[in-house]
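Observations on the model geometry
The residues making up each chain are set out below.
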Amino acid sequence: MIDIEFHLNGEPVRLRCPADRRLLDILREDFGLTAAKPGCAIGRCGACMIWLDDAPANACLLLALRIHGRSVRTYEAVCRDPASQPVRDALAEGGGLQCGYCTPGMVMTLAHLHQLPEPPDAPAARELASANLCRCTGYGGIRRAIERLFEPAEGSAATPIRPCGDPA
Ligand code: FES
Ligand code: FES
């Protein structure tokens, strides 16, 4: 067992737990923060994405000993921040949501990129978000959301957003 202290969504928290307990389990089981989802458990799907010290990280790969002294933000806090509203709107209006299992992780990645002092252009954002897998909606809506949120590459035209349900 180890004692750890860290900031969780802005609040200081203390915890005694096994050093190898996953942050994903700590969030879901100890704090009831269930937006970060268990998916692949090997850092390949992005369903468990949180921000660690304001950078996206996979909670399934983070062990308790690595979060001592760090700052963790989860979707529950980020989605209440008006700064993430454009991302949530773009996904909803672009038809990038279906079951929602991947959505918190997708929002965490896109909101981070969108809030960078120098956000990437749309192709780069697409590449950077490619570690977030969606299992059900298809990527057309997610791509449209990204094109709406980020500048198109020079010389290329952004695809217009279609209402949810319209064929791409
Ligand atoms: S569950 Fe963490 S990356 Fe898939
Ligand atoms: S909306 Fe269902 S997995 Fe992405």
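This structure is a prediction, so every number in the text was calculated from the model and none was measured.

Regarding the side chain of Thr109
Within the secondary structure, Thr109 sits in helix H5 (residues 103–114). Once residues lying within four places of it in the same chain are set aside, the contact partners of Thr109 are Met49, Leu128, Ala129 and Asn132.

Regarding the pairing of strand E2 (residues 11–17)
Note that strand E1 (residues 2–8) and E2 share 7 bridges and pair antiparallel. In the sheet register, Leu8 faces E2, and the bridge partner there is Glu11. Taking the residues between adjacent antiparallel strands as the criterion, E1 and E2 are bridged by 2 residues, where Asn9 takes a positive phi near 50°.

Examining the confidence of the model for the chain
This prediction gives the chain a mean pLDDT of 90; 90% of its residues lie at or above 70. Taken together, the stretch residues 158–168 has pLDDT below 50 and engages in 20 contacts with residues farther than four places along the chain or on a different chain.

Overview of unusual backbone geometry
Not every positive phi belongs to a glycine, and Asn9 is a case in point at roughly 50°. The residue Asn9 is located in the loop between E1 and E2 in this model. Of note in the backbone geometry, Asp53 takes a positive phi value of approximately 50° without being a glycine. Within the fold, Asp53 resides in the loop between strand E3 (49–52) and strand E4 (55–58).

Some remarks on the environment of Cys102
Here Cys102 shows up in the loop between helix H4 (85–94) and H5. Under the relative-accessibility criterion, Cys102 is labelled buried at 7%. Separated by 57 residues in sequence, Cys102 and Cys45 place their C-alpha atoms 8.5 Å apart. Among residues more than four places away in sequence, those in contact with Cys102 are Leu133 and Cys134.

Scoring rules and cut-offs
Residues numbered from 1 in each chain as written. Chains lettered and ligands numbered in written order. Predicted model: local features only at pLDDT ≥ 70, side-chain atom pairs only at ≥ 80, totals over all residues. Heavy atoms only, no water. Helix = DSSP H or I, 4+ residues; strand = E, 2+ residues; numbered from the N terminus. Contact = heavy atoms within 4.5 Å. Pairing = 2+ DSSP bridges. pLDDT = per-residue confidence, 0-100. Buried < 20%, exposed > 50% of the residue type's maximum accessible area, 1.4 Å probe, protein only.

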